[in-house]
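Next come the chains, spelled out residue by residue.
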2 protein chains.
Amino acid sequence: MAQQTCNDTKQRILQAAIFLFNSKGFTGTSVREIANKANVNIAHISYYFKGKGGLLEYLVSTYYEGYIKVIEENYSELHQSNAHTVLSNIILDILNYQHENRQLSRLVYREVTLDSILIREVMTTYLTKEKYFIKSLFEQGIKEGYYRKGFVPHLIIQLRSLLHMPYLQPQYMSEVLHIQPHEAYFVHQYYKELKYWLHSLLADKKLENKQLIMFP
Amino acid sequence: MAQQTCNDTKQRILQAAIFLFNSKGFTGTSVREIANKANVNIAHISYYFKGKGGLLEYLVSTYYEGYIKVIEENYSELHQSNAHTVLSNIILDILNYQHENRQLSRLVYREVTLDSILIREVMTTYLTKEKYFIKSLFEQGIKEGYYRKGFVPHLIIQLRSLLHMPYLQPQYMSEVLHIQPHEAYFVHQYYKELKYWLHSLLADKKLENKQLIMFP
């Protein structure tokens, strides 16, 4: 029972922090505001997270732990599959992961554009791991003659841009494009578009054979 | 002479603000810090920009004025060209515009992920205009049977993601991918990749004929 109450307090703090960091920015939010919004005593935030910085660190790390797990799990299927299938599955699973963690995705992708000690650590751990897996998959696809020869780091930028951007800019999506990325059909529809992108990486000689298989 | 001094002061304030907003965030930067960094009297910032908010507004508006001008100029060539060529030219010119305004691009693309009155205004003016032009071009390409039938708003998200992301995340680019987007060859190399993306939009029946023309 005590455990449950503790988790509940932690969760309330986390949800309040995500909401406030997204609407007022990290520097624009005070610990007191988080405590008020979460309806907890301000001391709880120090106790669980050692303050505002620790709270952000917890949120960013938790997000990327889950993100890397999605990639790793798919990558481990490579021996009984192929790079192209694994990449397709990663795209779908990351879209779903972002969909399930929409508010946090937005916060994390926004924070990661900053130049801070926390973000440098994120880069040397999670984002380097992410690069390792994605790079291996592209390289394997190219080696097998499946993908056209491309400059792999540029393929990585493109994949990440296409995956992350809709979740970084939800207002642009809804107010300018009139798309609702929080609705379930978005993932399905957008995934189909990203398959076209992946398709554009296929080497010319594979193109004719694969076209019908990929887009039946 | 007085005019020159005035422009010089304004420019110094703008450069200082871009630097500080990028490194410490908008809310994390004070007007006094901007004045110190620019080596001007703090009263100049009120005089020219009516404070920190006005400074940000000036930077964001100036950026998008130039951005929309790039698109408009290319769009006006449509009557003597075609949608695909105009889109290719827009991609190259926007990449160059971003390259010339790297620090400001980063600041603007970061700010635009926030939910503020300024950003809502930017959306109803500049970003709605941007959508109008890009949408017309995709729709014309689809109407002419040149592009495959796709959901146009999703094509717009993809184009914007691919164009903006490298400039939003310069540290990720240099520290994880070891790419230097500030170097001149980056635009050239990345443009080639984005042409592949545009190529992936071509309708299947156009594919074989166009392939050699587009990628000689």
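No experiment lies behind these values; they were computed from the predicted model shown.

Visitor: Would you mind showing me how to read the UniProt feature "domain: HTH tetR-type" (unreviewed entry) in chain A here?
Guide: What UniProt calls "domain: HTH tetR-type" (unreviewed entry) maps, in this numbering, to residues 7-67 of chain A. Between the C-alpha atoms that bound residues 7-67 of chain A the distance is 22 Å, and the span itself is 82% helix and 0% strand.

Visitor: Looking at this structure, I do not really get the relation of the copies chain A and chain B. What am I missing?
Guide: Comparison of the two chain copies shows a relationship of rotation about an axis with a shift along it. The two copies are related by a screw motion: chain A maps onto chain B through a turn of 180 degrees and a shift of 0.0 Å along the axis, at an RMSD of 0.0 Å. With respect to symmetry, the two chain copies, as superposed, fit the operation of a two-fold axis. Take the interface residues of chain A: 98% of them recur as interface residues in chain B, which is what a same-surface contact looks like.

Visitor: Explain the nonpolar core here, please?
Guide: Here is a general trend for soluble globular proteins: nonpolar side chains tend to be buried in one another's company. Grouped together as the largest cluster of nonpolar side chains are 151 residues, with contacts concentrated most on Tyr64 and Phe138 of chain A together with Tyr64 and Phe138 of chain B. Once residues lying within four places of it in the same chain are set aside, the contact partners of Phe138 of chain A are Leu87, Tyr147, Val152, Leu155, Ile156, Leu159, Trp197 and Leu201 of chain A.

Visitor: What is the right way to read the interface of chain A and chain B from this model?
Guide: When the parts of a complex come together, some accessible area is lost, and that lost area is often taken as the interface size. In this assembly, 52 residues from chain A lie in contact with 52 residues from chain B. Taking both sides of the interface into account, the surface hidden between chain A and chain B amounts to around 5000 Å²; carbon and sulfur atoms contribute 59%. It is Arg110, Thr113 and His154 of chain A that lose the most area in chain A upon contact with chain B, and together they represent 13% of the buried surface on that side. One can count 4 salt bridges joining chain A with chain B. For the salt bridge of Arg148 of chain B with Glu193 of chain A, the shortest nitrogen-to-oxygen distance reads 3.6 Å. Run the count over chain A and chain B and you get 18 residue pairs in polar contact (both at pLDDT 80 or more). Contributions of two or more residues to the side of chain A that touches chain B are made by helix H6 (102-111), helix H7 (117-143), helix H8 (152-168), helix H9 (170-176), helix H10 (184-199) and helix H11 (204-214) of chain A. With 13 residues, H8 of chain A is the single largest residue contributor to the side of chain A that touches chain B. Class assignment of the residues belonging to the side of chain A that touches chain B gives a composition of 25 nonpolar, 16 polar and 11 charged.

Visitor: Looking at this model, I keep getting lost on the packing of H8 of chain A against helix H8 (residues 152-168) of chain B. Mind explaining?
Guide: Relative orientation and spacing of two packed helices are given, respectively, by the angle between their axes and the distance between those axes. Two elements in contact, H8 of chain A and H8 of chain B, have axes separated by 8 Å at closest approach and are oriented at 105 degrees. The orientation of H8 of chain A relative to H8 of chain B falls into the category roughly perpendicular. Between H8 of chain A and H8 of chain B, the contacting residues are Ile157, Gln158, Arg160, Ser161, Leu162, His164, Met165, Pro166 and Leu168 of chain A on the first element and Ile157, Gln158, Ser161, Leu162, His164, Met165, Pro166 and Leu168 of chain B on the second.

Visitor: Explanation requested: the pattern of salt bridges in the structure shown.
Guide: A side chain of one charge can pair with a side chain of the opposite charge if their charged atoms are brought near each other. With the rule as written, the count across this model stands at 16 salt bridges over all chains. Across the pair Glu175 of chain B and Arg120 of chain A runs a salt bridge whose closest N-O atoms are separated by 3.2 Å. Placement of Glu175 of chain B in helix H9 (residues 170-176) and of Arg120 of chain A in helix H7 is noted, with the two residues assigned to different chains. For Glu175 of chain B, a relative accessible area of 36% puts it in the partly exposed group. Residue class for Arg120 of chain A comes out partly exposed when judged on its relative accessible area of 38%. Arg120 of chain B is paired through a salt bridge with Asp115 of chain B; the nearest N and O atoms lie 2.9 Å apart. According to the relative accessible area criterion, Asp115 of chain B is partly exposed, its value standing at 34%. Taken together, the shared-partner salt bridges in this structure form one network comprising Asp115 and Arg120 of chain A together with Glu175 of chain B.

Visitor: Help me out: how do you make sense of the domain arrangement of chain A in this one?
Guide: All names here are of chain A. In terms of domain boundaries, chain A breaks down into domain 1 (1-49) and domain 2 (58-210). Distance between the C-alpha centres of domain 1 and domain 2: 30 Å. Taken over both partners, the interface formed by domain 1 and domain 2 buries close to 720 Å², and the fraction arising from carbon and sulfur atoms is 69%. When the area that domain 1 buries against domain 2 is broken down by residue, the three leading residues are Leu14, Ile18 and Asn22, summing to 63%. Inspection of the region where domain 1 meets domain 2 yields 0 salt bridges. Where domain 1 touches domain 2, the interface holds 2 residue pairs in polar contact (both at pLDDT 80 or more). Class assignment for the residues of the side of domain 1 that touches domain 2 results in 6 nonpolar, 1 polar and 1 charged.

Visitor: Would you mind showing me how to read the packing of aromatic side chains here?
Guide: Note on aromatic pairs: each is described by the distance of the centres and the angle between the planes. With the rule as written, the count across this model stands at 36 aromatic pairs over all chains. Between Tyr75 of chain B and Tyr132 of chain B, the aromatic rings sit 6.5 Å apart at their centres with planes inclined by 50 degrees, giving tilted as the arrangement. In this pair, Tyr75 of chain B sits in helix H4 (residues 52-75) while Tyr132 of chain B sits in helix H7 (residues 117-143), placing the two residues 57 residues apart along the sequence. Note on Tyr75 of chain B: relative accessible area 19%, which makes it buried. Lys37 of chain A extends its terminal NZ or CZ atom over the ring of Phe19 of chain A, reaching a point 4.2 Å from the ring centre. Sitting over the face of the ring of Tyr196 of chain A, Arg148 of chain B holds its NZ or CZ atom 3.4 Å from the ring centroid.

Visitor: Can you walk me through the environment of Phe21 of chain A in this structure?
Guide: Residue and element names in this part refer to chain A. Looking at where Phe21 falls in the secondary structure, it is placed in helix H1 (residues 2-24). The exposure class of Phe21 is buried, given its relative accessible area of 1%. Spatially, the C-alpha atoms of Phe21 and Glu111 are 9.7 Å apart, while their sequence positions differ by 90 residues. Once residues within four sequence positions are removed from consideration, Phe21 is found in contact with Phe26, Thr29, Ile34, Lys52, Leu56, Leu59 and Leu107.

Visitor: How should I be thinking about the packing of helix H4 (residues 52-75) of chain A against H7 of chain A in this particular structure?
Guide: Residue and element names in this part refer to chain A. At a closest axis distance of 11 Å, the pairing of H4 and H7 adopts a crossing angle of 10 degrees. Between H4 and H7, the angle falls in the class roughly parallel. Here Leu56, Glu57, Val60, Ser61, Tyr64, Glu65, Tyr67, Ile68, Ile71, Glu72 and Tyr75 of H4 come into contact with H7, specifically with Leu118, Val122, Tyr126, Leu127, Lys129, Glu130, Tyr132, Phe133, Ser136 and Leu137. Across the contact of H4 with H7, the residue classes break down as 14 nonpolar, 2 polar and 5 charged.

Visitor: Would you take a moment to explain the environment of Ser76 of chain B for this structure?
Guide: Topologically, Ser76 of chain B is positioned in the loop between H4 and helix H5 (83-100). Sequence spacing of Ser76 of chain B and Val86 of chain B is 10 residues, and the spatial spacing of their C-alpha atoms is 9.0 Å.

Quick notes on the rules
Residues numbered from 1 in each chain as written. Chains lettered and ligands numbered in written order. Predicted model: local features only at pLDDT ≥ 70, side-chain atom pairs only at ≥ 80, totals over all residues. Heavy atoms only, no water. UniProt positions renumbered as here; feature names shortened; annotations may be inferred. Helix = DSSP H or I, 4+ residues; strand = E, 2+ residues; numbered from the N terminus. Least-squares fit on C-alpha atoms with pLDDT ≥ 70 in both. Contact = heavy atoms within 4.5 Å. Core = buried A, V, L, I, M, F, W, Y, C linked by side-chain atoms within 4.5 Å. Buried < 20%, exposed > 50% of the residue type's maximum accessible area, 1.4 Å probe, protein only. Buried area = accessible area lost by both parts, 1.4 Å probe. Salt bridge = Lys/Arg side-chain N within 4 Å of Asp/Glu carboxyl O. Polar contact = N/O pair within 3.5 Å; in protein donor to acceptor, adjacent residues only side chain to side chain. Nonpolar A, V, L, I, M, F, W, Y, C, P; charged D, E, K, R; others polar. Axes fitted to C-alpha atoms, helices over the stretch in contact; angles between N-to-C directions. Parallel < 35°, antiparallel > 145°, perpendicular 65-115°, else oblique. Domains from an automatic or database assignment. Phe/Tyr/Trp six-rings, centres within 6.5 Å; stacked < 30°, edge-to-face > 60°. Lys NZ or Arg CZ within 6 Å of the ring centre and 35° of its normal.

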